[in-house]
Protein chains: 2
Amino acid sequence: MILIVDDEPHVRRLLAAILSRGGYDVAEACDARSAMPLVARAEAVLLDLGLPDRDGMELLSDIRRVSAAPVLVVSAREAAAEKVAALDLGADDYVTKPFDGDELLARLRAALRRRGAEPARAVTAGDVVIDTERRSVTKAGAEVHLTRKEYGLLAMLAAHPGRIVTHAQLLTVIWGPAHVADIAYLRVAARALRVKLEDDPARPVLIRNEPGIGYRLVV
Amino acid sequence: MILIVDDEPHVRRLLAAILSRGGYDVAEACDARSAMPLVARAEAVLLDLGLPDRDGMELLSDIRRVSAAPVLVVSAREAAAEKVAALDLGADDYVTKPFDGDELLARLRAALRRRGAEPARAVTAGDVVIDTERRSVTKAGAEVHLTRKEYGLLAMLAAHPGRIVTHAQLLTVIWGPAHVADIAYLRVAARALRVKLEDDPARPVLIRNEPGIGYRLVV
DNA sequence: CACCCGCGTAAAAATGTCGTAAAGTTCATT
DNA sequence: AATGAACTTTACGACATTTTTACGCGGGTG
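Nothing here was measured: the structure is a model prediction, and the numbers come from that model.

A.B. asks: Give me the UniProt feature "domain: Response regulatory" (unreviewed entry) in chain A: which residues, what numbers.
C.D. replies: As annotated by UniProt and renumbered to match this structure, "domain: Response regulatory" (unreviewed entry) occupies residues 1–112 of chain A. Along residues 1–112 of chain A the backbone is 47% helical and 19% strand, and the end-to-end C-alpha distance reaches 12 Å.

A.B. asks: Tell me about the interface of chain A and chain B, residues and numbers included.
C.D. replies: Across the contact, 25 residues belong to chain A and 28 residues belong to chain B. Overall, the association of chain A and chain B removes approximately 2300 Å² of surface from exposure, summing both partners, and the carbon and sulfur fraction of that is 47%. Joining chain A to chain B, the criterion identifies 10 salt bridges. Notably, a salt bridge pairs B:Arg107 with A:Asp93, separated by 2.6 Å at the nearest N-O pair. Linking chain A to chain B there are 14 residue pairs in polar contact (both at pLDDT 80 or more). Elements with a contribution of two residues or more to the side of chain A that touches chain B: helix H4 (80–88), strand S5 (93–96) and helix H5 (101–115) of chain A. It is H5(A) that contributes the most residues to the side of chain A that touches chain B, 9 residues altogether. Looking at side-chain class alone, the side of chain A that touches chain B contains 7 nonpolar, 2 polar and 16 charged residues.

A.B. asks: Lay out the protein's contact with DNA strand C in plain terms, naming residues and giving numbers.
C.D. replies: The full set close to DNA strand C counts 21 residues, and A:Arg187, A:Arg191, B:Arg187, B:Arg191 and B:Arg194 are the nearest of them. Of everything in DNA strand C that lies within 4 Å of the protein, sugar and phosphate atoms constitute 82%. One nitrogen or oxygen atom from the side chain of A:Arg187 is found 2.7 Å from a phosphate oxygen belonging to DNA strand C. One of the side-chain N or O atoms of B:His167 is found 3.5 Å from a phosphate oxygen in DNA strand C. Of all the secondary-structure elements, those providing two or more residues to the surface near DNA strand C are helix H8 (183–197) of chain A together with helix H8 (183–197) of chain B. Residues of the surface near DNA strand C, tallied by class, amount to 8 nonpolar, 6 polar and 7 charged.

The rules behind these values
- Residues numbered from 1 in each chain as written.
- Chains lettered and ligands numbered in written order.
- Predicted model: local features only at pLDDT ≥ 70, side-chain atom pairs only at ≥ 80, totals over all residues.
- Heavy atoms only, no water.
- UniProt positions renumbered as here; feature names shortened; annotations may be inferred.
- Helix = DSSP H or I, 4+ residues; strand = E, 2+ residues; numbered from the N terminus.
- Contact = heavy atoms within 4.5 Å.
- Buried area = accessible area lost by both parts, 1.4 Å probe.
- Salt bridge = Lys/Arg side-chain N within 4 Å of Asp/Glu carboxyl O.
- Polar contact = N/O pair within 3.5 Å; in protein donor to acceptor, adjacent residues only side chain to side chain.
- Nonpolar A, V, L, I, M, F, W, Y, C, P; charged D, E, K, R; others polar.
- Near = heavy atom within 4 Å.

Shown next, in the form of structure tokens:
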């Protein structure tokens, strides 16, 4: 949820329209008093400095005290001193009116990306852990060395845990579009993976075959 | 150290003056080729998009690939589409010329503040300590002398401890984009590092090779 | 029942990558 | 001009990986 703090209704409407076009949920506040209760739940704040009940700078440092969410100041004041003050008080960006909607969204995305930045997650299948961020695979805690093709295959399967990945998908991505038909490659690589990861390679539990379609990693 | 990338000498001088007034160390580069080797050591980058040898956007994404340091784009182009593109490629801010020195400094401070004041001073791997702040490397307490390329390689690996750094990343940053294919350089430098840092250079523990991909520093 | 298909398995052949040494080159310093 | 350090370039053997080929099994089909 993105919080808009501005006293002019038409600016709020404009900002709200831009944000919802960008796919965000929006909350609005017209002054400092009504804004503070919403700050805690906001993923980011768009803040106008010219508020009726309170100086915007004070509100900014109050927000910073409560929340680490990005704050983008949206203001009509262009003076560099204003910008410097706001930025040093903890604002993440300072946009002057009139502003471009797409630019505002891009600046918001940039601010959120910096805060968030946690896309990497490890996939677990049985006692096997696949960490695509570090490109490491462990079985029962012990690191397992995989070749490029082996890892490529496992990573593709881990990208869609529990779902079938077709022969064609695997081959085009790992071996390139020219080898869509070389299913033999796939079988050799799958075998190598099973030997390294399965307790009983002859009776695979993790890397299952779906006859005529592809493979799947069970989780 | 803050890196300035701009082809116009007078702009570089201006930026350098502003930065040193703000108390920062400065390094300058006039094109993409000379910039890449400096990126690894930069705490932040001021980047002009209009470079002679390469599209600024490309350089931006290359920088993002090897470094998490803040990038502030400083450009004469005011089009919103430019800003959106740069911000979505990983730029932290976009400042249009002509710019105000104090505002630029404030934006730089904001960007550096967000990056979490201090990003890992010294990296330890076994009995080897890499202090990128002082550019010093010690093994079992004793200082080890490294050449520029050796240190560059080690610093790149230490910037992402435990993770694989690809051949291409290492080569573009240390030797420049023109040598992405000269993997032989890499092997020679890796060998030299191993001789100086590993207990048994023939059986490396610290500087591991990931066949066909790159190298990694184990911690 | 004999056949075919897709699969797993094995192993040989081809290719690619790495480590290593050493010779040649550049460059700053003296 | 001589020196030495750092860097570039080349060559080759050892080893790892990938590709290619061959064969046996088992389940469904005619």
